[in-house]
Amino acid sequence: MSETDVDLEARLAEQDSFEPPESFVEQANVSDPEIYDEFENNWPECWEAAADLLEWTDDYDQVLDDSNPPFYQWFTDGELNASANCLDRHLEERADEAAIEWVGEPVDEDNRTYTYGELHREVNEFAAALRDLGVEEDDVVTLYMPMIPELPVAMLACARIGAPHSVVFAGFSADALATRMNAADSEYLVTCDGYYRRGDPLDHFDKATTGLDGVEHAVDTVVVERLPSEDAFPNTWPEQTRGYDELVENHAGETVEPVDRDAEDMLFLMYTSGTTGQPKGVKHTTGGYLSWAAWTSQAVLDIKPDDTYFCSADIGWITGHSYIVYGPLALGTTTMMYEGTPDYPDRNRLWEIIEEYEANQLYTAPTAIRAFMKWGEEYPDSHDLSSLRLLGTVGEPINPRAWKWYYKHIGDESCPVVDTWWQTETGGMMLTTLPGVGEMKPGSAGPPLPGLSADVVDMSGSPVGAGEAGYLVVNKPWPGMLRTLYNNDDRFINEYWREYSNVDSDDSADWVYFPEDGAKLDEDGYITVLGRVDDVLNVSGHRLGTMEIESAIVGVEGVAEAAVVGGDHDIKGEAVYTYVITEDGYEETEELREAIIEGVEDAIGPIARPEAVIFTPELPKTRSGKIMRRLLENIANAEDLGDTSTLRNPEVVEDIQRKVQSD
Ligand code: WT7
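None of the values given here were measured: they were computed from a predicted structure. (Residues numbered from 1 in each chain as written. Predicted model: local features only at pLDDT ≥ 70, side-chain atom pairs only at ≥ 80, totals over all residues. Heavy atoms only, no water.)

Visitor: Break down the overall build of the chain for me, with residues and values.
Guide: Along its length, the chain carries 22 helices and 29 strands. The C-alpha atoms of the chain give a radius of gyration of 25 Å, which matches the 26 Å a tight globule of 663 residues would have. Once the C-alpha set of the chain is aligned to its principal axes, its extents read approximately 75 × 60 × 60 Å. Looking at the chain as a whole, 61% of its 663 residues qualify as buried. Intrachain contacts of the chain at a sequence separation of at least 6 include 71% that bridge at least 24 residues. By element, 41% of the accessible surface of the chain is carried by carbon and sulfur atoms, the whole surface being about 25500 Å². With 44 positive and 133 negative side-chain charges, the chain shows a separation of 5 Å between the mean positions of the two kinds. (Helix = DSSP H or I, 4+ residues; strand = E, 2+ residues; numbered from the N terminus. Rg over C-alpha atoms; globule rule 2.2 N^0.38 Å. Buried < 20%, exposed > 50% of the residue type's maximum accessible area, 1.4 Å probe, protein only. Contact = heavy atoms within 4.5 Å. Areas by Shrake-Rupley, 256 points an atom, 1.4 Å probe, with all protein chains shown as cover. Lys, Arg positive; Asp, Glu negative; His and termini not counted. Charge placed at Lys NZ, Arg CZ, Asp CG, Glu CD.)

Visitor: Now, about the site of the ligand: what can you tell me, with residues and values included?
Guide: Around the ligand sit 17 residues, and of these Asp 419, Thr 420, Thr 424, Asp 517 and Arg 543 come closest. At 3.4 Å, a backbone N or O of Glu 396 approaches a nitrogen atom of the ligand. Note that a nitrogen atom of the ligand is positioned 2.8 Å from one of the backbone N or O atoms of Thr 420. Expressed as a share of its isolated accessible area of 560 Å², the protein-covered part of the ligand is 96%. Mapped onto the shell around the ligand, the elements with two or more residues apiece are helix H13 (318-330), strand S20 (417-420) and strand S24 (527-532). (Near = heavy atom within 4 Å. Polar contact = N/O pair within 3.5 Å; in protein donor to acceptor, adjacent residues only side chain to side chain.)

Visitor: Go over the environment of Lys 626 with me, naming the residues and quoting the values.
Guide: Along the chain, Lys 626 falls in the loop between strand S29 (612-615) and helix H21 (629-636). Distance from Lys 626 to Ala 293, taken between C-alpha atoms, is 41 Å for residues 333 residues apart in sequence. Every residue in contact with Lys 626, bar those within four places of it in the chain, is listed here: Pro 620 and Lys 621.

Visitor: Residues and numbers for a negative patch on the surface, please.
Guide: Taken together, Asp 58, Asp 59, Asp 61, Asp 77, Glu 257 and Asp 260 make up a surface patch of like negative charges. Residue placement: Asp 77 occurs in the loop between strand S2 (73-76) and strand S3 (79-80). (Patch = residues over 30% accessible without salt bridge, like charges linked within 9 Å, V, L, I, M, F, W, Y side chains within 5 Å. Salt bridge = Lys/Arg side-chain N within 4 Å of Asp/Glu carboxyl O.)

Visitor: Tell me what's going on with the packing of aromatic side chains, and back it up with residues and numbers.
Guide: Applying the stated rule across the entire model yields 34 aromatic pairs. Measuring from centroid to centroid gives 5.3 Å for Trp 56 and Tyr 60, while their planes differ by 65°, and the two rings are edge-to-face. Of the two residues, Trp 56 and Tyr 60, neither departs from the other in class, the shared state being buried. Look at Phe 126 and Tyr 244: their rings are 4.8 Å apart centre to centre, the planes differ by 40°, and that puts the pair in the tilted class. Residue Phe 126 is located in helix H7 (residues 116-133), and its partner Tyr 244 is located in helix H11 (residues 244-250); the two are separated by 118 residues in the primary sequence. Accessibility assignment for this pair places Phe 126 and Tyr 244 in one class, buried. Three or more aromatic residues joined by ring pairs form one cluster here, namely Phe 71, Tyr 72, Trp 478, Phe 492, Tyr 496, Trp 497, Trp 511 and Tyr 513. (Phe/Tyr/Trp six-rings, centres within 6.5 Å; stacked < 30°, edge-to-face > 60°.)

Visitor: Talk me through the UniProt feature "domain: AMP-binding enzyme C-terminal" (unreviewed entry) in the chain; I want residue IDs and the actual numbers.
Guide: According to UniProt, the "domain: AMP-binding enzyme C-terminal" (unreviewed entry) feature falls on residues 548-626. In residues 548-626, the share of helix is 27% and the share of strand is 32%. The end C-alpha atoms are 17 Å apart. (UniProt positions renumbered as here; feature names shortened; annotations may be inferred.)

Visitor: An account of helix H10 (residues 204-213) is needed here, citing residue identities and associated values.
Guide: Considered for burial, the residues of H10 that qualify are His 204, Phe 205, Ala 208, Thr 209, Gly 211 and Leu 212. Axial view of H10: buried residues confined to an arc of 155°, hence all on one face. Between a side-chain oxygen at the N-terminus of H10 and the backbone nitrogen of Phe 205 the separation is 3.4 Å; the capping residue is Asp 203. (Arc of directions from axis to C-beta.)

Visitor: A description of the sheet that holds strand S16 (residues 308-311) should follow, citing residues and the corresponding values.
Guide: Spatial strand order, S5-S4-S17-S16-S18-S19-S20: 7 strands in an open sheet with mixed pairing. A strand with exactly one partner marks an edge of an open sheet, and here the two such strands are strand S5 (111-115) and S20. Pairs of neighbouring strands in the sheet enclose a mean axial angle of 20°, with direction left out of account. Two elements, S16 and strand S18 (residues 361-364), share 3 bridges in a ladder whose sense is parallel. Bridging from a neighbouring strand, Phe 310 pairs with Leu 362 of S18. (Pairing = 2+ DSSP bridges. Axes fitted to C-alpha atoms, helices over the stretch in contact; angles between N-to-C directions.)

And the structure:
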């Protein structure tokens, strides 16, 4: 340990709570602790505060219609357009201010600023182009693009014409793209030729076209040409494929009247992993989602129009949707987009960007913070990060040591840190301290936001006592909540509500949302989220279904059976551990191991790449034949195995353990 580390340990280790810095509170968007009581006493009308951040073309009648739980409706009969809210209404005052600061790879060559005026223009042109291609209101348009400006342009163009988008993370595989396009019946795809990763061009179009081979219906495709000609791949475009630049040029200067959307109309779909192999199509709406993204951006991230705000997530995940695109742009601020990784060309990259653009907020993930810590504080310490006013984290629990490192070395002990718990399904933040109000406690996300009601309960649904652990539940609906799983209301009820609700009741008080996370209730009402309690892994803050990975492995020739569990990992938090039984006649070879790894990458993407493939003659099973995942997890983490007496085949455990240790 270096000396500064020792000092930090000594000074901060003992401290388990931190008051918001005075200088921050003085200027905070929200600084009055009364907000909790006010919202509670005035629920659900309190959420007019969120709706008021938007411009409505037709006023809503009712804040909440809860007559048919869990199919809640917010801001009923109100009309608005998300693209108009993110662009048009800012033009009068902010046409020449930056909307997006895009920092691209390779370094120093390609950075772009889009003012609100420029972004508005390009969104209109592309909206006109989409219409011309035949896209109609309510058609789902799939966007399969990395962190290039055309991604938010396409999102807002879709929103403008009332076509819901379904963004598929660019790191996902061809198969994953096909599954999502089929599930959404999506007949339009916007993608790109390629992009850079650590300075090298990557062929993205090849992956997209392979994916299209697996789509069951005809698709019109638009290709953004990201790579300059010297780095372009020699791809031939199939029929029904058009270039983005050409389309936009054909519609130069055109404007498209934003379509009035009902508050409850779908703004977008986002597929996320669940317990079964089939991803879930989470449906978000125009009024509720957008007001939630805007309100939380204002109250929690403290965003003001003059800020330069930096969220290092990828727009391919919900964090990027809510907190790179919709929330910040609804508030008229400058949002940054970074195409690259934090360690290319070197480990100063992120700090250089913050210094150069004088970013005011940084919203990132614990996995990144753990990597920064490991690299050492000399990188951030050698940059002027004094523009920062607030820090945030999201995606997984942050341990107090990482929290304190972030607070000290990035925030210089003068920025509040908000640890925000939420999910794809919640649309935006749920549990966190308000940075201008609440005391921060490293490791604990905090209380529910004002106007929200969350609890920690036991298996039977009774609240646990202070200091005890149980399951996290949300007791009241909120505007940003998912409305259903696309085309699958039954699964929506089964996945999120059945556990703790009286599903036969039409009284909304009998309905409780279950996010499938374990949590601990602290003495003061703060909630420490412990992690998923379903078969979902959290690898570097990304959600991966064990069943999805298992079915990919079983698809590999020579594999008879597979079990996937999460093992502890210093940086990623969790890593993918796979236990594999070979088919008769197949050897446990290095080739098979590689084929398995490749099989997973092909089915899902490199993010799901197994850390370890452990061959085993059998899997530990209960007498009823269920795989004992918990035991496999303990083996992966080299923990005490506890009671194995219910096992049908206890001898396999030792065998597997020996193999893991020798790996
Ligand atoms: C799951 C949701 C929210 C956007 C990114 C992930 C875990 C998220 C925290 C946090 C502890 C967290 C939960 C949750 N999670 N934030 N601050 N503390 N755990 O979205 O892919 O939908 O995953 O991420 O387990 O259920 P997602």
